[in-house]
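Working through the structure, step by step
The primary structure of each chain is shown beneath.
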Amino acid sequence: MAKHKRDTMKLKGLLHVTFAYLVTLGVAWATLQALGQSPIWDMFWADIAATIAIFVFSRLYKNSSFYDAYWSVIPPLIALYWLLEATASGVDTTRAWLVVILVWLWGIRLTANWATFWPGLEHEDWRYGPIKTNAGKWGALADFSAIHLFPTVIVFVACLPIYAAVAMDAQPLNWLDYVAAAATAIAILIELVSDIQLHRFINNREDGEIMKTGLWAYSRHPNYFGEWLFWAGLALFGVAAVPEAWWWVLPGAVAMLAMFLLASIPMIDKRSMERRPAYAEHMSQVSGFVPWFPKKSD
């Protein structure tokens with residue numbers, strides 16, 4: 001009975017979140033229709049408008065994890081919109097379809113992973129509470145800027161290579177496209193395998209146990225490495241398509257790398273050390289990001 005109740009509550013929560021995202025996408029589409037000037041800037045402001053919409057739901061439900069699915073839901077739609085723009089203008093779409101298919105595979109997998117293992121509306125990402133609490137009376141502003149707006153801007157900048165690859169009169173398909181395709185596909189596979197391994201471990205772990213098997217034996221955060229490699233692969237597609245645009249297609253992948261190395265990984269490692277006494281030794285033996293052979297213990 002308890003499991004049935006949990007499943008019912010989760011389904012109810014998913015319906016609420018789905019409704020929120022339908023409203024959010026409606027706001028984005030209305031913004032696009034109201035602007036109609038520049039495909040990049042129109043999409044940027046539509047993205048910001050959609051972020052404001054999902055932020056409203058986060059505040060109404062007192063749960064900032066309403067934003068969690070935004071990371072993987074929006075980029076595939078951005079890619080598809082830009083592809084349709086390119087198709088209408090007659091640009092060759094061979095590279096474009098390759099990029100869009102990879103982005104959709106990434107988005108579907110990541111969203112499915114979120115939906116499968118999301119506990120329900122009672123759950124909020126553990127990182128969000130301290131951000132809002134530490135901001136005091138400015139909690140709502142911190143919620144919007146740090147939890148909603150900042151990742152939206154980072155992801156949008158990281159999506160700019162998609163525009164270069166799908167919507168510009170670009171270079172013919174070349175060797176760098178094949179490197180980019182391999183990197184992006186491998187990234188999706190790394191994320192898939194590492195998430196499966198992590199969830200299997202979580203279901204069977206003992207108190208204080210540290211994940212040290214599979215890809216996690218070579219990196220403390222292989223899922224984050226796979227995520228960054230995905231965006232790096234898109235950046236390579238952008239450079240392959242329009243080499244002279246490197247200055248605006250590469251910063252997104254660099255920003256993603258900085259976010260993982262300077263924010264996400266340090267936060268998780270700090271929390272893990274507080275909860276698992278042996279984690280400090282684990283950190284000295286296993287790479288924090290790029291998978292590599294672990295050091296042998298003394």
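Residues numbered from 1 in each chain as written. Predicted model: local features only at pLDDT ≥ 70, side-chain atom pairs only at ≥ 80, totals over all residues. Heavy atoms only, no water.

With that out of the way, let us pick up the overall build of the protein. Helix and strand counts for the protein stand at 11 helices and zero strands. Across the protein, helices and strands are ordered from the amino to the carboxyl terminus as α-α-α-α-α-α-α-α-α-α-α. Against the globule reference of 19 Å for 298 residues, the protein gives a C-alpha radius of gyration of 20 Å, in line with a compact fold. Seen through its C-alpha atoms, the protein measures out along the principal axes to roughly 60 × 45 × 40 Å. The buried share of the protein, reckoned over its 298 residues, is 48%. Here the contacts in the protein between residues at least 6 apart in sequence split such that 80% fall between residues at least 24 apart. Accessible surface, the protein: about 15600 Å² in total, of which carbon and sulfur atoms supply 68%. (Helix = DSSP H or I, 4+ residues; strand = E, 2+ residues; numbered from the N terminus. Rg over C-alpha atoms; globule rule 2.2 N^0.38 Å. Buried < 20%, exposed > 50% of the residue type's maximum accessible area, 1.4 Å probe, protein only. Contact = heavy atoms within 4.5 Å. Areas by Shrake-Rupley, 256 points an atom, 1.4 Å probe, with all protein chains shown as cover.)

The next thing to look at is the side chain of T152. Among the structural elements, T152 can be located in helix 6 (residues 139–167). Engagement of the side chain of T152 in a polar contact is seen with the side chain of T51, the distance being 2.8 Å. Polar contacts involving the side chain of T152 include one to the side chain of Y67, which spans 2.7 Å. Beyond its immediate sequence surroundings of up to four residues, T152 is in contact with D47, I48, T51, Y67 and Y70. (Polar contact = N/O pair within 3.5 Å; in protein donor to acceptor, adjacent residues only side chain to side chain.)

A full pass over the atoms with the stated rule returns 21 aromatic pairs. An aromatic cluster of at least three residues, connected via ring pairs, comprises W41, F44, W45, W82, F156 and Y163. The positively charged end of R271 is found above the aromatic ring belonging to W126, 4.3 Å away from the centroid. (Phe/Tyr/Trp six-rings, centres within 6.5 Å; stacked < 30°, edge-to-face > 60°. Lys NZ or Arg CZ within 6 Å of the ring centre and 35° of its normal.)

With that settled, the discussion passes to the pattern of salt bridges. Inspection of the entire model under this criterion finds six salt bridges. With a closest N to O distance of 3.1 Å, D195 and R109 form a salt bridge. Remark: R109 occurs in helix 4 (residues 94–117) and D195 occurs in helix 7 (residues 175–204); sequence separation between them is 86 residues. Of the two residues examined, D195 and R109, each falls in the buried class. Here R220 and D269 are joined by a salt bridge, their closest N and O atoms 2.8 Å apart. Of this pair, R220 sits in the loop between helix 7 and helix 8 (222–241) while D269 is found in helix 10 (residues 251–275), placing the two residues 49 residues apart along the sequence. Taken individually, R220 and D269 each receive the classification buried, so the pair is uniform in this respect. (Salt bridge = Lys/Arg side-chain N within 4 Å of Asp/Glu carboxyl O.)

A few words now on the confidence of the model for the protein. In the predicted model, the protein carries a mean pLDDT of 94, and the fraction of residues at 70 or more is 98%. The least confident element of the protein, judged by mean pLDDT, is helix 3 (residues 70–89) at 90; the most confident is helix 8 at 98. (pLDDT = per-residue confidence, 0-100.)

Another point: the environment of Y218. Examined against the element boundaries, Y218 turns out to sit in the loop between helix 7 and helix 8. Between the C-alpha atom of Y218 and that of D42, which follows or precedes it by 176 residues, the distance is 42 Å.

Taken together, the side chains of I52, V56, L60 and Y61 define a hydrophobic patch exposed on the protein surface, amounting to about 360 Å² of accessible area. Residue placement: L60 occurs in helix 2 (residues 39–60). Classification of L60 as exposed rests on a relative accessible area of 60%. (Patch = residues over 30% accessible without salt bridge, like charges linked within 9 Å, V, L, I, M, F, W, Y side chains within 5 Å.)

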